[in-house]
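Here's the letter readout for the chains.
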Amino acid sequence: MSAHSDHVRHYRIGLAAVIEIDRPPVNAINHDIRAGLIAALTAIAGDAGVERIILAGAGEIFAAGADAGEFDLPMAQPDLPMVVAALESATVPVIAAIRGACLGGGLELALACRWRIAAPNAQLGLPEVILGVVPGSGGTQRLPRLVGMKAALSLISEGRSIRAGEALEIGLIDQQDDDPVAAALALDITDLDGRPPVSSLPAPSPDRELAEAALARARHRMPRQRAPEEAIRLIGIADSMSFEDALAEERATFLRLRGSEECRALRHIFFAERGARAPAHLKATAPAPLDSTIVIGGGTMGAGIAHALARAGTAVTLIERDDDALQAARKRMASLYDAAIRRWLLQAGAAAAEQDAIRFQAGYDGIENAGLVIEAVFEDMQVKRDVLTALDRAAPHAVLASNTSYLDIDIMAGCLADPSRLVGLHFFSPAHIMKLLEIVRGARSSDRALATGYALARRLRKIPVQVGVCDGFVGNRMLQRVREAAELLLLDGAETTQIDRVMREFGYAMGLFETQDMSGLDIAWANRRRQAATRDPARRYSRLSDLVCKAGWLGRKAGRGWYVYEDGTSVAPNPNVTPLIEAEAARHGIIRREMADDVVLRTLLLALINEAADILDQGIAGSASDIDLVLVHGYGFPRFRGGPLCHADRMGVGMIRESLLALQETDPMIWRLSPLIDRLANDGTGFLTPTIRRPA
Ligand code: NAI
C-alpha cells in the first residue's frame, strides 16, 4: 500500500493497481486529492508489472464532486483538467469502479477512464449548474461523445443525476455489478484493447431543436441563471472546435462563472442546506419514536402532513372533530394520493394500500402510546388550547407539536402539565411538497421535543430551521413586513401589476399579490383582525387588503382577488382595486405619483432585510444563513440570489443603512433602522462576511 497524499493511496492486486480516494464523508475532490492522484499515476507508470489501473472510492462513495469550499481560494495546481488528462493518457487502461455518488468532478474523472463499472446504488451526474457553474474538466465535451446530444443536454443543463441502471441504458457506464472493484479485476483486459479514450470519439452533430428545447426547459426551471445556458452553449461547440479548443473554452467559462455573484449565492444556499441539522448539544438526546404519529385536524395542512408522514413510512392516525369533518379529510387525502399517482410517484395498488393504512378517527381514544402528536387545527388560540388540554391526558408521553403559523406557543404550552413537551413544527403549504420546516423553540421546549423536530425533518427529508417565538416566527413575520411595505407603495403610487412584475423580474416565480390570490386572502385577514387589538395606533396602517377581503375578493378560489380569474386563470387585474387604492391614498392625504421600478424593488428588499436583521439581532433566528434558507425554501426568494441577507451583502450594508435612514426620515415607525445593520455598517462587514463559511 502506498499513500500519495492524505486522501489518496494505491495498492497492488496481481497485475492491477487499485487507486483509492479516501476523504470522508463524500470524497469531495480538493487539492490534496488532485495532487495525490497525479502522484499515484506517476508511481504506477514506473511499475512495469501493472496491466490495469482501477480507480475507486475507499468507502461507499466514488466522489461527490469538486470541493466547493475551494471556490473562494485561488486555483492551486494541479487542477482537475490536469488530473483528467493524466488519467486518460495513462500507459495502461484505467477502469472506474463506482459506488454511490459519482458527481461533478467525480464523473469527470470517470469519463477519463476507458471503462466504467457501477454498483446499482451509484448516482451519476454533472450537477454543476445547481452551484452556478458548468463542468470545468471536460464534462461538457466528453459526456455528449459518450451518451449523445439528447441525454447530455438533459443531464448537464438540468444538473440531473441518474442511477446505474439508466446510466447503463444510455451508455454512460459499460457494466453494472454489485462489487465494481471485483468486476474490474475480473475484466478480460483484451476487452479494452483498442478501446479509444472518450475524447477521441466523434462529437455528435449539434441538434438545434434539442438545444432549443433544453434552453426553454432551463429558462423555465432556473430562470435568469447563466450557468445552464452556458452549459448548453458549450455542449453545442463540441462538434465545431477541436477537442483542445473546446476544453479551453469550457475551462474559461467555468472560471468566469466560478467568480460570479450567482455562483457565490448558490454556493451559500448549498452550504446553508448542508448545515441545516440538529445543533451539537441535541445529538445526545433521543427523539420520540416516529414509527407511529398522530395528526389532529385533517384540513389543508393536516392532510398534507399526514400524507407526508405516510409516504415516509410512518403509521398515521388522523383525528378530526366529527364524522363530517372526517369525511372531508378522507376526501382530501384521496386527492393527494390521486395526485401522487398522476405524478408517477406511486402506483395505484401501492397508493391504495398506503392510504388504507391511515387511521381516521374522531376523538382521542387509543393514542396513549403515541410518540409524536402534531396539531393542525384552526388558527385560534382557544381551539388549540382545548386540543392540547385533551392531549395532555390522552397522550401523556408524546412530544406535542403545533403547526401554528403565528400564535405564541408559550401561551399554548401553559395548558399542559409539562409544558416542555410542546414544540412548534411549522410546515409550509403544500406540506408534503415544501421542503422547509420551522422548528419553533418555546421558552420551555425540552431538548427531547426539539430533537424530535429534527428527527422528523430528517425522516421527511425536509430542511429544518430552528426559530424562536414571536408573531409569525421568521418567515411569516418577514412576509407581513414586506406586505405592509408593498401596500404602502400602492398608496404612494405603485400598481399591483408593477410590484408583481418587478418581483418576477428579480427572480420570484410569482409576485406578492399573485401569491396572495393563489393561497387565499382570508388567513392573513383573520390574522390582522387578531392583531388589531395590540396594533400600535400610531403606526401607519393600510386598510387595502382588509377592504379587498371585505368585498369578498378572497383570491383565485373566489374568482377575484387582486386579479380577476376565469377557470382558475388570471385574466386581468381587478378593475375595482385601483379606485380603492386611490380612495385610500386620498384618505391618508397622499398624492400618488408614478414609482420607478428600481425604487419599488429596493423598498421591498429593504423591508425584508431590515426585518431579517431585527430577527437575527433578537435571537429569533440563529444565523443569517437560517433566514436565507427560510426565505428561499418557504417564500420563493430566488435561490440564485442566495436569500435576502446574502443579497444584502451584495447590495452593500453601508448603502442599505443610508437608504433605510432616508426612509426613516419619512416614517420613523415603519422604517426604524435595525441596530444590527448600523453595527455591521460601522464595522465595515456584512451579514455573511468575511467569506461564506462551510458548516463545521
Ligand atoms: P383548515 O381550516 O384547512 O383545517 C383545520 C382542520 O382542523 C379542519 O379540518 C377542522 O375540522 C379541524 N379541526 C378544528 N378543530 C378541531 C378539533 N378540535 N379537533 C380535531 N380537528 C379539528 O386549516 P389549515 O389551513 O389546514 O391550517 C391548520 C393550521 O396550520 C393552522 O394553525 C394554520 O395557521 C397552520 N398553517 C396553515 C398554512 C396554510 O397555508 N394553510 C401553512 C402553515 C401553517
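Note that the coordinates shown come from a computational prediction; the quantities given were computed from them, not determined experimentally. (Residues numbered from 1 in each chain as written. Predicted model: local features only at pLDDT ≥ 70, side-chain atom pairs only at ≥ 80, totals over all residues. Heavy atoms only, no water.)

A sheet is described by the order of its strands in space; here seven strands give the open sequence β1-β2-β3-β4-β5-β7-β10, paired in mixed fashion. Only two strands of the sheet have a single partner each, and these edge strands are β1 (2–5) and β10 (175–176). Two elements, strand β5 (residues 94–98) and strand β7 (residues 115–118), share four bridges in a ladder whose sense is parallel. If you follow Ile95 over to β7, its bridge partner there is Trp115. Sitting on the sheet, helix α1 (residues 31–45) touches β1, β2 (8–13), β3 (16–21) and β4 (52–57), and the angle it makes with β3 is about 170°. (Pairing = 2+ DSSP bridges. Helix = DSSP H or I, 4+ residues; strand = E, 2+ residues; numbered from the N terminus. Contact = heavy atoms within 4.5 Å. Axes fitted to C-alpha atoms, helices over the stretch in contact; angles between N-to-C directions.)

Okay, the domain arrangement of the chain next. When its domains are assigned, the chain resolves into domain 1 (1–122 + 173–194), domain 2 (280–467) and domain 3 (475–683). Here domain 1 and domain 2 have C-alpha centroids that lie 46 Å from each other. (Domains from an automatic or database assignment.)

Here we come to helix α23 (residues 577–587). Spacing of three or four residues puts side chains on the same side of an α-helix, whose turn is 3.6 residues. Every buried residue belonging to α23 is among Val577, Ile581, Glu584 and Ala585, and all of these are buried. Each buried residue of α23 sits inside an arc of 100° when the element is viewed along its axis, so together they form one side. Summarising the contacts, the buried residues of α23 are in contact with α18 (475–492), α19 (496–506) and α22 (544–550). Just downstream of α23 lies Gly589, where phi reads positive at about 70°. (Buried < 20%, exposed > 50% of the residue type's maximum accessible area, 1.4 Å probe, protein only. Arc of directions from axis to C-beta.)

Bringing the pairing of strand β16 (residues 422–426) into the picture now. Side chains on a regular strand alternate between the two faces of the sheet. Among the five residues of β16, five are classified as buried, and the element is accordingly described as predominantly covered. Side chains Leu422, Gly424 and His426 project from β16 onto one buried face, and the interleaved Val423 and Leu425 project onto a second face that is buried too. Pairing of strand β15 (residues 399–402) with β16 involves three bridges; the strand directions are parallel. From the neighbouring strand, Ala401 faces β16, where its bridge partner is Val423. Pairing analysis gives three bridges linking β16 to strand β17 (residues 436–441), with the strands arranged antiparallel. Among the inter-strand pairings, His426 is bridged to a residue of β17, identified as Glu438.

This brings us to the site of the ligand. Close to the ligand lie 24 residues; Met301, Glu320, Glu379, Lys384 and Ser405 are nearest. Glu320 is positioned with one of its side-chain polar atoms (N or O) 2.5 Å from an oxygen atom of the ligand. Note that an oxygen atom of the ligand is positioned 2.9 Å from one of the side-chain N or O atoms of Arg321. With the chains in place, 82% of the 830 Å² that the ligand exposes on its own is no longer accessible. Elements supplying a minimum of two residues to the shell around the ligand: α12 (300–311), β12 (315–320) and α15 (381–394). Per-element tally for the shell around the ligand: the top contributor is α15, with three residues. Grouping the constituent residues of the shell around the ligand by class yields 11 nonpolar, nine polar and four charged. (Near = heavy atom within 4 Å. Polar contact = N/O pair within 3.5 Å; in protein donor to acceptor, adjacent residues only side chain to side chain. Areas by Shrake-Rupley, 256 points an atom, 1.4 Å probe, with all protein chains shown as cover. Nonpolar A, V, L, I, M, F, W, Y, C, P; charged D, E, K, R; others polar.)

What follows concerns the nonpolar core. The nonpolar side chains of soluble globular proteins are, as a tendency, buried together. Residues Ile499 and Phe687 are the most contacted members of the largest nonpolar core, which totals 102 residues. With 11 residues, helix α24 (residues 597–617) is the largest single contributor of residues to this core. Excluding residues within four positions of it along the chain, Ile499 makes contact with Ala486, Leu489, Leu490, Ala494, Phe513, Val600 and Leu604. Counting 70 residues, the second largest nonpolar core, distinct from the first, contains Val84, Val94, Leu153 and Leu257. (Core = buried A, V, L, I, M, F, W, Y, C linked by side-chain atoms within 4.5 Å.)

A few words now on the side chain of Arg116. With respect to the helices and strands, Arg116 occurs in strand β7. One buried charged residue, Arg116, remains without a salt bridge, the closest side chain of opposite sign being Asp174 at 4.0 Å. A polar contact is formed between the side chain of Arg116 and the backbone oxygen of Ala110, at a distance of 2.9 Å. Side-chain polar atoms of Arg116 contact the backbone oxygen of Leu172, separated by 3.0 Å. (Lys, Arg positive; Asp, Glu negative; His and termini not counted. Salt bridge = Lys/Arg side-chain N within 4 Å of Asp/Glu carboxyl O.)

Once that is clear, we can look at the packing of aromatic side chains. All chains considered together, the criterion is met by seven aromatic pairs. Seen from their ring centres, Phe428 and Tyr635 are 5.5 Å apart, and the 85° between their planes marks the pair as edge-to-face. Of this pair, Phe428 sits in the loop between β16 and β17 while Tyr635 is found in the loop between α25 (624–634) and α26 (644–651), placing the two residues 207 residues apart along the sequence. In this pair, the class of Phe428 matches that of Tyr635, namely buried. Geometrically, the ring pair formed by Phe506 and Tyr508 is tilted, given 6.4 Å between the ring centres and 35° between the ring planes. (Phe/Tyr/Trp six-rings, centres within 6.5 Å; stacked < 30°, edge-to-face > 60°.)

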